[in-house]
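Reading the structure
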Amino acid sequence: MKKYVCTVCGYVYDPEAGVPEQGINPPKAFEELPDDFVCPVCGVGKEEFEPEA
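One structure accompanies this document, and this report is about it. Bear in mind the structure is a predicted one, so any value in this text is a computation, not a measurement.

Considering the environment of F37
- Note that F37 resides in the loop between strand 2 (12–13) and strand 3 (49–51).
- With 10 residues separating them in the primary sequence, F37 and E47 have C-alpha atoms 9.7 Å apart.
- With residues near it in sequence (within four places) discarded, F37 still touches Y13, V19, Q22, I24, F30, V44, G45, K46 and F49.

Observations regarding the packing of aromatic side chains
- For the coordinates displayed, the defined rule picks out seven aromatic pairs.
- Seen from their ring centres, Y4 and F30 are 4.1 Å apart, and the 10° between their planes marks the pair as stacked. On the criterion of sequence distance, the pair formed by Y4 in strand 1 (residues 4–6) and F30 in the loop between strand 2 and strand 3 is long-range, its members being 26 residues apart. Exposure class is identical for Y4 and F30. Each is buried.

Examining the sheet that holds strand 1
- Ordered by their spatial adjacency, three strands build an open sheet running 2-1-3, and the pairing between neighbours is antiparallel. Sheet topology places strand 2 and strand 3 at the edges, where each strand pairs with a single neighbour.

A look at the environment of G43
- Along the chain, G43 falls in the loop between strand 2 and strand 3.
- Accessibility expressed as a relative area gives 42% for G43, which makes it partly exposed.
- Distance in space between the C-alpha atoms of G43 and C9 is 9.6 Å, their sequence separation being 34 residues.

Some details on unusual backbone geometry
- Residues P26 and P27 are joined by a peptide bond in cis, for which omega reads -10°.
- With respect to the element layout, P27 can be found in the loop between strand 2 and strand 3.

Reading the values: the criteria
Residues numbered from 1 in each chain as written. Predicted model: local features only at pLDDT ≥ 70, side-chain atom pairs only at ≥ 80, totals over all residues. Heavy atoms only, no water. Helix = DSSP H or I, 4+ residues; strand = E, 2+ residues; numbered from the N terminus. Contact = heavy atoms within 4.5 Å. Phe/Tyr/Trp six-rings, centres within 6.5 Å; stacked < 30°, edge-to-face > 60°. Buried < 20%, exposed > 50% of the residue type's maximum accessible area, 1.4 Å probe, protein only. Pairing = 2+ DSSP bridges.

This is how it looks when you write it as structure tokens:
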């Protein structure tokens, strides 16, 4: 599964780690995240993430 990077703050979403504090348990592909997912660091939405190069 591919990692995604927040273009605002640089946070890397790792599907093998998830975001347990948001109730997102691994493994969870970025594409499977809920539409209301926000970056746990800066709070922007999924539309601000890009696949890691």
